[in-house]
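Residue-level structure breakdown
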Amino acid sequence: MQSPWAAALFANARARGKRNPHATRIVARAWLRVIWACWHNATAYDPDNHPTTRRLKAS
């Protein structure tokens, strides 16, 4: 988990009692949304511009 928001999402899923495969699918679904948005908007992924990363840095 190189991305802080993805690691936090995975840790949150595990803390809620999800098993590893389910937590991995939760993170994969989130990444698919990011990839879709990048493709749809014709932009490259910028981790500093990711809304969750901005929230993590603000806290």
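For the structure, check the block above.
A short tour of the structure in this document, coming up. None of the values given here were measured: they were computed from a predicted structure.

Turning our attention to the packing of aromatic side chains. Here the distance between the centres and the angle between the planes together describe a pair of aromatic rings. Summed over the entire model, instances satisfying the criterion amount to three aromatic pairs. When the ring of W5 is compared with that of W31, the centres are 4.8 Å apart and the planes differ by 50°; the resulting orientation is tilted. Remark: W31 occurs in helix α2 (residues 20–41) and W5 occurs in helix α1 (residues 4–15); sequence separation between them is 26 residues. On the numbers, 5.0 Å between centres and 85° between planes, the contact of W36 with W39 is edge-to-face. Remark: W39 and W36 occur in helix α2; sequence separation between them is three residues, near one turn of the helix. Taking relative accessible area as the criterion, W39 reaches 64% and is therefore assigned exposed. Three or more aromatic residues joined by ring pairs make a cluster, and in this case those are W5, W31 and Y45.

Mapped onto the secondary structure, P47 falls in the loop between α2 and α3 (51–58). With relative accessibility at 39%, the residue P47 sits in the partly exposed group. Expressed as a C-alpha distance, the spacing of P47 and W5, which sit 42 residues apart in the sequence, is 9.3 Å.

Here α1 contains 12 residues, and its C-alpha end-to-end distance of 16 Å stays within 8% of the 16 Å for a straight helix at 1.5 Å per residue. Those residues of α1 not exposed but buried are W5, A6, F10 and A13. Taken down its axis, α1 places every buried residue within 135° of arc, on the same side. Exposed residues on α1 whose side chains face more than 90 degrees from its buried face are P4 and A15. Of the residues one or two after α1, G17 is the one with positive phi, at around 95°.

What counts, and at which threshold
All chains use their own residue numbering, which begins from 1 and follows the written sequence. At least 70 in pLDDT is required for a residue's local features to be given in this predicted model, at least 80 for side-chain atom pairs to be given and counted, and no such filter applies to totals for whole chains, interfaces and linings, which use all residues. Side-chain descriptors were evaluated using all non-hydrogen atoms of the structure, hydrogens and water having been removed beforehand. Stacked, tilted and edge-to-face are the three classes assigned to paired rings of Phe, Tyr and Trp, where Trp is represented by its six-membered ring and a pair needs centres within 6.5 Å; plane angles under 30 degrees give stacked, over 60 edge-to-face, the rest tilted. Think of it this way: any DSSP run of H or I at least four residues long counts as a helix, any run of E at least two long counts as a strand, and we number them from the N terminus. Residue exposure (1.4 Å probe, protein chains only): buried if accessible area is under 20% of the type maximum, exposed if over 50%, otherwise partly exposed. Helix span is expected to be 1.5 Å times the residue number reduced by one. Within this analysis, the arc is defined by the directions that extend from the helix axis to the C-beta atoms.

These values are about where atoms sit, not about what they do.
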